Amino acid sequence: MKSWWVVVGVLAAIGCGSDKEPKGTNGNGGGGDVSAGGGSDPGAAGGMSAAGDAASAGASAAPGGAGGQRAAAGTGGGMSGGTSGDPCSTTSQGAFEEPVSYTVGNAAGPILAVDLDADGHLDLVAGDGSSKPIRVLMGKADGRFTPADEYPTTENPIGIAVGDLDEDGHPDLVAANSGTALVTVLLANGDGTFKSNAADYTVGTYVNCTTTGDFNGDGHLDVAASNYYSDNVSVLLGNGDGTLKTSVAYEVGRKPQAVTAVDLNRDGLADLAVANGDSNTLSVLIAKVSGGFADPVDRAVGTSPWWVASADLDSDGSPDVLTVSPVSDNVSVLLGSASGSLQAAKAYKAGSRAYAVAPVDLDGDGKFDLAVPNRGIGTLSVLVGKGDGSFKAPVTHAVCETPTSVAAGDFNGDGRNDLAVTCQGDGVVQVLLNRCPK
Ligand SMILES: [Ca+2]
Ligand SMILES: [Ca+2]
Ligand SMILES: [Ca+2]
Ligand SMILES: [Ca+2]
């Protein structure tokens, strides 16, 4: 049996990371993605995303958050207040409460918000680019979280995704382990803990991101993962019992950094959108009814795209796609159409070394806004959405020094979307509760 809310709510939730540096920047690791084997900069990255894929289940993502189960994404920030364009300009101290920090790994990049124990409160899942565990923080009614519990994967889980792979109604986790060319499936017990028999599946070299969706339309969730050094994505069809078939590789652009599942042509089969870090493109792979995928169609986006997300930004029923560039410091928005093709990207400025993007309604007007952590300057940019797929100039909020990823959802159940930001180096996730007026 399939738990519908899981399918609708968290199908494409992903959190990805990479310890590669985007070309053209000189971050901690000294730039360049040329260091084989990884490791120069534990962290770069991460992101979050999510809202979108409701499309895979035939529904369109709603920008609102309150619902609880969806893993929307967001951003947030600290204490700047009141400038024109601020989503909460009527408050004197800004949109968010003082951040509350929770310890996770030093190389924490990816983060997801999902209700693991079905208690109505979103929980947080954080990956780690420098060690083995995934960390799980259980949400409480007041928007606070328990200290992290650790679940081992094989090595450097810099990408994470959720989905009910064994169809027991509980969202399970998939980790992309960059250090081992493996994805790990952690099956959930439904109370926030995971079974001890985690299973590993071979994918490509330096797998950095993973996502779930039903690509072949058999009703069972499948897994896809992007392989940085293999220039492809691996697709592992699900058997419905928590196990996966042997991976099949599909070529994409150079150095894929992130992948998300989204049903772009709304035929009931989840498709793939892949950010190619070294091609400066987005590859779209439309799933075929006969199995597999059509050849990729590429669209130019910002330089060294680092993250990909999807949501129906203009509420026309067709999912749209976003990438973020830490070199161009902007978000590329590609609006979808009923046929599944994407329009040319429009760029929206974010901040220095924009690292991830989360579409989420932060000001409560029912329209998607964008939350973007800026790793270069320790800020989060909020781009208020106009509802037609375009966005206002960013409002900047101060957060931790090196924010790399963001997840969103209504953590405290007050009907407003809150944010969780991972802080690389600080080894924490900052939770920012939204206090915009309703
Ligand atoms: Ca929960
Ligand atoms: Ca399937
Ligand atoms: Ca499709
Ligand atoms: Ca909004």
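Conventions adopted
Residues numbered from 1 in each chain as written. Chains lettered and ligands numbered in written order. Predicted model: local features only at pLDDT ≥ 70, side-chain atom pairs only at ≥ 80, totals over all residues. Helix = DSSP H or I, 4+ residues; strand = E, 2+ residues; numbered from the N terminus. Buried ≥ 20, exposed ≤ 12 C-beta atoms within 10 Å, placed from the backbone. Contact = placed C-beta atoms within 7 Å. Pairing = 2+ DSSP bridges. Axes fitted to C-alpha atoms, helices over the stretch in contact; angles between N-to-C directions. Core = buried A, V, L, I, M, F, W, Y, C linked by C-beta atoms within 7 Å. pLDDT = per-residue confidence, 0-100.

A. Fine view of the overall build of the protein chain. Each helix and strand in the protein chain was counted, giving one helix and 29 strands. Relative to its full complement of 438 residues, the protein chain shows a buried share of 64%. Sequence separation of 24 or more characterises 56% of the internal contacts of the protein chain that already satisfy a separation of 6 or more.

B. Fine view of the sheet that holds strand 12 (residues 222-227). Pairing in this open sheet of four strands is antiparallel, and the strands run 11-12-13-14 from one edge to the other. Lying at the two open borders of the sheet, with one neighbouring strand each, are strand 11 (207-213) and strand 14 (248-251). Looking at each pair of strands side by side, their axes are set apart by 25 degrees on average, direction ignored. Taken together, the five bridges between strand 12 and strand 13 (residues 232-236) define a ladder with antiparallel strand orientation. What sits directly across from N227, in strand 13, is N232.

C. Highlighting the sheet that holds strand 20 (residues 320-325). One open sheet holds the four strands; their spatial order is 19-20-21-22, and the pairing between them is antiparallel. Edge positions in the open sheet fall to strand 19 (307-311) and strand 22 (346-349), since each of these has one partner strand only. Within this sheet the neighbouring strands show an average axis-to-axis angle of 25 degrees, counted without direction. Relative to strand 22, strand 21 (residues 330-334) runs antiparallel, the two sharing four bridges. From the neighbouring strand, V333 faces strand 22, where its bridge partner is K346.

D. Inspection of the pairing of strand 12 at higher detail. For strand 12, the buried fraction is high: six of the six residues fall into the buried class. Here strand 12 shows two buried faces, one formed by D222, A224 and S226 and the other by V223, A225 and N227. In this sheet, strand 12 lies alongside strand 11 in antiparallel orientation, the contact comprising six bridges. Bridge pairing in strand 12 links T212 to V223.

E. Structural context of the environment of K255. As for its position among the elements, K255 is in the loop between strand 14 and strand 15 (256-262). Sequence separation between K255 and P305 is 50 residues; the distance between their C-alpha atoms is 9.9 Å.

F. Spatial organisation of the nonpolar core. Ranked by size, the top nonpolar core spans 121 residues in total, and within it W307, V308, V324, A371, V372 and V429 carry the most contacts. Discounting residues that sit within four places of it in the chain, V308 has contacts with A258, V259, T260, A273, V274, A275, L282, V321, L322 and T323.

G. Region of the structure containing unusual backbone geometry. Positive phi, close to 55 degrees, is recorded for N156, a residue that is not glycine. Relative to the elements of secondary structure, N156 occurs in the loop between strand 6 (149-152) and strand 7 (157-163). At N280, a position not held by glycine, the phi torsion is positive, near 60 degrees. As for its position among the elements, N280 is in the loop between strand 16 (271-276) and strand 17 (281-285). Residue N280 is classed as buried on the basis of its 22 C-beta neighbours within 10 Å.

H. Quick peek at the environment of P152. If you trace the backbone, P152 turns up in strand 6. For the pair P152 and L186, spaced 34 residues apart in sequence, the C-alpha to C-alpha distance is 9.3 Å. Excluding anything up to four places from it in sequence, P152 contacts K132 and P133.

I. Examining the confidence of the model for the protein chain more closely. Scored by pLDDT, the protein chain has a mean of 83; 79% of the residues are at 70 or more. Contacts for the low-pLDDT stretch residues 25-62, under 50 throughout, to residues beyond four places or in other chains number 149 contacts.

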